[in-house]
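Working through the structure, step by step
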Amino acid sequence: MTTTKTADAPAGTTTDLVVDVRGLSVTYGAFSAVDGIDLDVRRGEVFALLGTNGAGKTSTLEALQGFRRRAAGSVTVLGEDPMISTRRLRASSGTMVQEAGFVPEATPLSALQLWASLSSRVDDADAVLERVGLAHRRTVLVKDLSGGEKRRLDLALAIWGAPELIVLDEPTTGLDPESRATLWSLVRELRDGGTTVLMTTHHLEEAEALADRVAIMHRGRIAVAGTLAEVLRERPARITAVRRLPGQDAVTAEQVDLRTHHLQRDLLALLTDAERTGAVLDQLRATPASLEEVFHAVVRGDLHTTSAAPSASTAASTSASTSEGASR
Amino acid sequence: MTTEAPTPISRTTTTARGRRTVTPLQRTLRLARFETSMLAKQRTTLVTLLSGPLLVLGLAAISPSSSPQALAALAGMGVVVVMSLTTHFAAVMLTVNRREAQVLKRLRTSELSGSELVTGMYLPLAVVGVLESLAVVAVLAARGGALPDAVGWLPWLAGVLIGSAGLVAAGVAVAGLSGNAEKANWAAVPLLVVISGAANMLTVGVLPEAVRQVLLLVPFASLTDLVARTSGASVSLVELPDVVAGVPPELVDLVLLLLWTVVFAAVAKKLWRWEPRG
């Protein structure tokens, strides 16, 4: 396997590119599902690809796995072109697909044993079932498993034999909170063990909790990308309060809704002003920008999408817009 | 206060135990073995497959004549009817069920190539088709029918192998037209009627020769003629036209059979879908 070094990776970090996408386009007839995106996923990180339905996430993943022919661009996964070296790629990667199924008459154990017999990676079926919390259901027919248990079985196939790269396409869709927590723990374990995880999700809190880097796709393009800190850096924090001067009642009190890129400084200024004037700040809240805000800004079009120009790792700093100001 | 933790998972970072080489043949046979084990667990498929030999037993029992010639013609019809009712129909249902249950989509992410997956998945059905053809011959031999002689075995076996593969391919093609299992049940009927009808009519001696020659062109009808010719009683269901004069009739039957198999395989490939129809 060959690896590539990123030119702009910070010193001291893992710089192997597991996924290297340049100018990828995927079309369905005249419709452009993915429009010239750049994307890189580094070894050992959890990378979350976010976006609304139809943003192009699944088409991107399909192109990365060699399931979807690309209209333009280059894709390298684990040093291989997925359209050419499909089998070699499968041997080194695991996939949890959206809405995958199993033979209803099989059991988790027999399904995993089949998978084991087809795989060049060696592992222990009982241990893997134990790991995903399905050991106690190993001999139950698949058709009798719950939706969450089927997802766990899907995950068991994906992690079989510790692949270098695991692709999780909306892994927690349909999972109850407990199963979701289990999956989150497992993803962290995998990352800690050196596995690279590329995931898509609709749950922004999931990306915030798990991902080292994120990219938000919109209408086939990557709007913003980078570490969570990078993505949020350009979005203003918010300070809200009800400012009541001495003698004022709740009706005449002033609503404060401040958007700022300097949360600490402006919060301090607000507090100092209140101290000086004797104002009371009711319901004072200071919240940094959230991924959800960024996401909604992308969907609203406040953040302009980029096509081929900057790589996903640097797009955040070049495309994010700012909006600062205070209201009454 | 204590809170209950989510379902515990192993704290082991990995349970992996290295790598090994798995050949394409091994992968194909392992999938075939798995599918065979699943056949035994699918009641509907099992009943469908077992109905074939029972049908032949019934046909043999009600056959008005037990002459070797009559039984050879019956063998020709029996092989085709039994395989179309069982192998073909089972292939339709297997394809639709695996596709609708998203099994194909999941297996696609394994190390199986597309051709290995298709071969491994349908191999058990093709083998069942061959075994049922042997069962037909055995049942009719028990009633006094002739067995293929030393010269006839080879084209007989080639015909049954190609026919079995062709009927599986036809089943996959039909499944490509069907959105779900219920629709597949209906979609399978027209081809079943055509195949079985042609096989049946070829064995009825009252039709004009020109009509029988046309019937020979119907999908898999040539297998009926081939089995009858090679079943040891030298029965000729169709007099071949002059255009193929001098060519061994068994070869003509095999070429027609192969042609239909290729056609159905091409259609099956064209209509193949990894995911449920939207």
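Residues numbered from 1 in each chain as written. Chains lettered and ligands numbered in written order. Predicted model: local features only at pLDDT ≥ 70, side-chain atom pairs only at ≥ 80, totals over all residues. Heavy atoms only, no water.

Our working definition: UniProt positions are given in the numbering used here, feature names are shortened, and annotations may be inferred rather than shown by experiment.
The name an unreviewed UniProt entry assigns to chain B is ABC-2 family transporter, from the organism Quadrisphaera granulorum. In UniProt, chain B has this text filed under Subcellular location (unreviewed entry): "Membrane".

In the annotation of an unreviewed UniProt entry, the entry for chain A reads ABC-2 type transport system ATP-binding protein, and the organism field reads Quadrisphaera granulorum. The UniProt entry for chain A carries this comment under Subcellular location (unreviewed entry): "Cell membrane".

1. A few points about the overall build of chain B
What counts, and what does not: Helix numbering and strand numbering both begin at the N terminus, where a helix is a DSSP run of H or I of at least 4 residues and a strand a DSSP run of E of at least 2. In this scheme, a residue with accessible area under 20% of its type's maximum is buried, one over 50% is exposed, and one in between is partly exposed, where area comes from a 1.4 Å probe on protein chains only. Contact between two residues is taken to exist if any of their heavy atoms lie within 4.5 Å; hydrogens are not considered. Using a 1.4 Å probe, accessible areas were evaluated by the Shrake-Rupley method; residue-level cover was limited to the displayed protein chains.
Secondary structure summary: chain B contains 10 helices and zero strands in total. The N-to-C order of helical and strand elements in chain B reads α-α-α-α-α-α-α-α-α-α. Among the 278 residues that make up chain B, the fraction classed as buried is 49%. Of all intrachain contacts in chain B linking residues separated by at least 6 positions in sequence, the fraction that spans at least 24 positions is 81%. Only carbon and sulfur atoms are counted for the fraction: they give 68% of the accessible area of chain B, which is about 12,800 Å².

2. Quick look at the nonpolar core
Quick note on the threshold: Buried residues of nine kinds, namely Ala, Val, Leu, Ile, Met, Phe, Trp, Tyr and Cys, make up a nonpolar core once their side-chain atoms join them within 4.5 Å.
One finds L50 of chain A together with L107 and L125 of chain B to be the most contacted residues of the largest nonpolar core, which totals 117 residues. With 16 residues, the single largest contributor to this core is helix α3 (residues 68-100) of chain B. If we skip the residues at most four places from it in the chain, L50 of chain A touches K57, T201, L204, A207, V214, A215, I216, M217, L291 and F295 of chain A. With 27 residues, the next largest nonpolar core counts V34, F47, A55 and I222 of chain A among its residues.

3. Focus on the pairing of strand β3 (residues 46-51) of chain A
As a general feature of sheets, a regular strand has side chains that alternate between the two faces. Residue and element names in this part refer to chain A. Heads up, the rule is: Here, strands pair whenever DSSP counts at least two bridges between them.
Burial within β3 is extensive, with six of its six residues counted as buried. Burial along β3 is two-sided: the face carrying V46, A48 and L50 and the face carrying F47, L49 and G51 are both buried. Note that β3 and strand β7 (residues 196-201) share five bridges and pair parallel. Residue pairing in the sheet places L50 in a bridge with T201 of β7. Where β3 and strand β8 (residues 213-218) come together, five bridges link them in parallel fashion. Directly across from G51, in β8, lies its bridge partner M217.

4. Focus: the interface of chain B and chain A
We count it as follows: Defined here as a combined quantity, buried area equals the accessible surface (1.4 Å probe) lost by two parts on assembly, summed across both. Each reported salt bridge corresponds to a side-chain nitrogen of Lys or Arg within 4 Å of a carboxyl oxygen of Asp or Glu. The definition of a polar contact used here is a pair of N or O atoms within 3.5 Å, where within protein one atom must be able to donate a hydrogen and the other to accept one, and adjacent residues in sequence count solely through side-chain atom pairs.
Across the contact, 39 residues belong to chain B and 47 residues belong to chain A. Both sides together, the interface formed by chain B and chain A hides about 3,900 Å², and carbon and sulfur atoms give 56% of it. The interface formed by chain B and chain A includes two salt bridges. Here D154 of chain A ties to R106 of chain B by a salt bridge, and the two come within 2.2 Å at their closest N and O atoms. Here chain B and chain A share 17 residue pairs in polar contact (both at pLDDT 80 or more) between them. Every element with two or more residues in the side of chain B that touches chain A is listed here: α1 (24-39) and α4 (103-107) of chain B.

5. What about the UniProt feature "transmembrane region" (unreviewed entry) in chain B?
Residues and elements named next belong to chain B. UniProt's feature table lists "transmembrane region" (unreviewed entry) at residues 46-64, 70-96, 117-141, 153-174, 186-207 and 251-268, given in the numbering used throughout. End C-alpha to end C-alpha, residues 70-96 measures 38 Å, and it is 100% helix and 0% strand. Secondary structure across residues 117-141 comprises 100% helix and 0% strand; the distance between its end C-alpha atoms is 37 Å.

6. A few points about a nonpolar patch on the surface
Residue and element names in this part refer to chain B. This is how the line gets drawn: Patch criteria: residues need more than 30% relative accessible area and no salt bridge. Like-charged residues are merged within 9 Å; nonpolar side chains of Val, Leu, Ile, Met, Phe, Trp and Tyr are merged within 5 Å.
Nonpolar side chains collect at one region of the surface, where L25, L29, L123, V127, L131, L134 and W153 lie side by side and expose about 600 Å² of accessible area between them. If you list the elements that add at least two residues to the nonpolar patch, you get α1 and α5 (114-142). Tallying contributions element by element places α5 first for the nonpolar patch, with four residues. On the basis of relative accessibility, which here comes to 34%, the residue L134 falls in the partly exposed class.

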